[in-house]
Amino acid sequence: MISEKASDLHFSSVVVDTHSDSLVWPTRHSVDIGVRQQQAQLDLPKMNEGGQNVQFFACFASPSWIPKKKVVQVTLDYMDSFHTLMANYPGHIEQASTADDVRRIRDFGKLAAILCVEGGHSIDGDLSILRMYHHLGARYMTLTWNNTNGWADGVLGEPTHLGLSNFGKEVVLEMNRIGMLVDISHVAPSTFWDAINTTRKPVIASHSSAKAICASPRNLDDEQIRAVRDNGGVIGVNYEVTFVNEAYRLAKDSVAVEKQESLKKARKDFKSGSEDLLNVETEIEKKFEEKFAEVSKPKWEEIVDHIDHMVTVAGVEHVGLGSDFDGATMPEGMEDCTKVPLITQELLKRGYTDGDVRKILGENFMRVMDAGMGI
Ligand SMILES: [Zn+2]
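Basis of the calculations
Residues numbered from 1 in each chain as written. Predicted model: local features only at pLDDT ≥ 70, side-chain atom pairs only at ≥ 80, totals over all residues. Heavy atoms only, no water. Donors = N, O, S within 2.8 Å, 3.2 Å for Na, K, Ca; no water. Helix = DSSP H or I, 4+ residues; strand = E, 2+ residues; numbered from the N terminus. Buried < 20%, exposed > 50% of the residue type's maximum accessible area, 1.4 Å probe, protein only. Axes fitted to C-alpha atoms, helices over the stretch in contact; angles between N-to-C directions. Parallel < 35°, antiparallel > 145°, perpendicular 65-115°, else oblique. Left-handed = near helix turned anticlockwise from the far one by under 90°. Contact = heavy atoms within 4.5 Å. Nonpolar A, V, L, I, M, F, W, Y, C, P; charged D, E, K, R; others polar. Salt bridge = Lys/Arg side-chain N within 4 Å of Asp/Glu carboxyl O. Domains from an automatic or database assignment. Buried area = accessible area lost by both parts, 1.4 Å probe. Polar contact = N/O pair within 3.5 Å; in protein donor to acceptor, adjacent residues only side chain to side chain. Right-handed = clockwise from strand over helix to strand, strands pointing away. Pairing = 2+ DSSP bridges.

Brief notes about the coordination of the zinc ion
Part 1: Donor atoms from the polypeptide that bind the zinc ion are Glu-118 (OE), His-186 (NE2) and His-207 (NE2), placed at 2.0 to 2.2 Å.
Part 2: Read in sequence order, the donor residues coordinating the zinc ion give the pattern E-x67-H-x20-H. With Glu-118 in strand E4 (residues 111-118) and His-186 in the loop between strand E6 (181-183) and helix H8 (189-198), this residue pair connects regions lying 68 residues apart in the sequence.
Part 3: By relative accessible area, Glu-118 is classed as buried at 2%.
Part 4: With relative accessibility at 7%, the residue His-186 sits in the buried group.

Here we look at the packing of H8 against helix H9 (residues 222-231)
Between two packed helices, both the angle of their axes relative to each other and the distance between the axes serve to describe the pair.
Part 1: At a closest axis distance of 11 Å, the pairing of H8 and H9 adopts a crossing angle of 20°. Judged by the angle between their axes, H8 and H9 are roughly parallel. H9 is crossed by H8, and the crossing has left-handed handedness. Facing H8, whose interface residues are Pro-189, Phe-192, Trp-193 and Ile-196, H9 presents Glu-223, Gln-224, Ala-227, Val-228 and Asn-231.
Part 2: When grouped by side-chain class, the residues that make up the contact of H8 with H9 number six nonpolar, two polar and one charged.

Re the pattern of salt bridges
Part 1: Inspection of the entire model under this criterion finds 24 salt bridges.
Part 2: The salt bridge involving Lys-5 is made with Asp-354; its shortest N-O contact spans 2.8 Å. Highlighted residues: Lys-5 in helix H1 (residues 4-11) and Asp-354 in helix H15 (residues 354-372), separated in sequence by 349 residues.
Part 3: Residue Asp-354 is classed as partly exposed on the basis of its relative accessible area, which comes to 32%.

Here's the deal with the domain arrangement of the chain
Part 1: When the domains of the chain are assigned, the result is domain 1 (4-245 + 299-372) and domain 2 (247-297).
Part 2: Between domain 1 and domain 2, the contact holds eleven residues from the first and five residues from the second.
Part 3: Across the domain 1 to domain 2 interface the summed buried area is about 710 Å²; carbon plus sulfur atoms make up 55%.
Part 4: At the junction of domain 1 and domain 2, the tally comes to zero salt bridges.
Part 5: Our count for the contact surface shared by domain 1 and domain 2 stands at four residue pairs in polar contact (both at pLDDT 80 or more).
Part 6: A class-by-class count of the residues in the side of domain 1 that touches domain 2 yields five nonpolar, four polar and two charged.

Digging into the pairing of strand E5 (residues 138-142)
Part 1: E5 sits mainly inside the fold: five of its five residues count as buried.
Part 2: A crossover connection joins E4 to the parallel E5 through helix H6 (residues 127-136); in handedness this β-α-β unit is right-handed.
Part 3: As paired strands, E5 and E6 are joined by three bridges and run parallel to one another. Across the sheet, residue Tyr-140 finds its bridge partner in E6, namely Leu-181.
Part 4: Handedness of the crossover joining E5 and E6 through helix H7 (residues 166-178) is recorded here as right-handed.

What follows is the structure, given as C-alpha cells:
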C-alpha cells in the first residue's frame, strides 16, 4: 500500500527509467506492448499505473547468437518496433530526443520514450552507422555489452584492447559531438576508466548497481561511483536479483556449477542404447531448477539499499533508476513497473526529502540529458 503523500509525490514527478529490454516483445515475439500483456514487466498500461513516465527502450542484438553480419539488421528491427509503437499509440506515448521534448510530452500527459542501443558491437565498427542510429533517435549507447567488441573490452569478454582502442576513443568523442550519451554499464573496468578519461560530457551507467553490496562484475565499485560523480554523470540502479543480493548471486552460481558437473557426469556415464540421455538431462535440469527455487529471492527494499549506498558514496545528485525490466529477474515485490511507487515510499520512509526523491526519480537524469544530448 502506498501512502497518499508518497503517491502524490511519485505521480507528480518526472520518473525516468534508464533501461528496459521491453522492445524484445514486439521484435522477437510479435507481442504488442501498447496493451497490457501478462508476460511483460513493462507495457504502456503498466507504465501509466506505475507513474513511470520516461522510458529508455534498448535495442539489443545479442552477440551470443546473432551472427556479426546480421547485427545491424537486428538493431534496426528493434528501432522499427519502437517507431511502430509510437505510430500505433500516438495518444499515449511519444518519442523524445531531448530533455525539453520530455517536458513538452509530459505537459500533454503522455509517456515519453527514448531509444538507446545496448552494445557498441551494434555499430559494426562504423561511425556512419552510429550517426544513423542517432538520427533514428538513439540517445545513449553502452560502449559494450558483456562481450568485447572490435574497439572496447566488455566486462565478461576477452581483455583485448586493455580498455578502449584508438577507434573506441573516437567513438566516445563522436557520441559527445552528436549528442549521444556514453553509457558505461556492461564495460570492463579498463574501458570504464578510458571512457571517463576521454569523454567531454557526463557519462551514464544506465543499469548497474553497487559492488560494495553485491560483487557481481556488472556492478560498480565505490571508486567508479565517485568517478561518475566527479564527471557529473548518473548511475541508474539495476533491480536484477543477482546484482542486488550477494548471497543470492553466490547461491545461483554454485547451483549452476553443480548442475554443470551433474550433466557432465551423466554424459560420461551414459552408455549408448542403455537409456535415453535426453531424459536424463531433462531430469537433472528439473532437479536443479527445483533446488534453486528453494533459495529465497531478495526483497524489493534491497533495491533501495543500493540507492542509499550510492548516495552515501557520491551524493544524491548522481543516482537514478535503471530497472532492466524485461531483461532481468525482479526481486520479490517488484514484479513489474506498476510497483515502482514503492521505491518513492521507501525513500521517504528512510528520511529523504521530497526534493531528493524527485532527483533520484528523474531530475538527475534530466540534468544529464540537458548536458549531454545537445549538440
Ligand atoms: Zn544490459
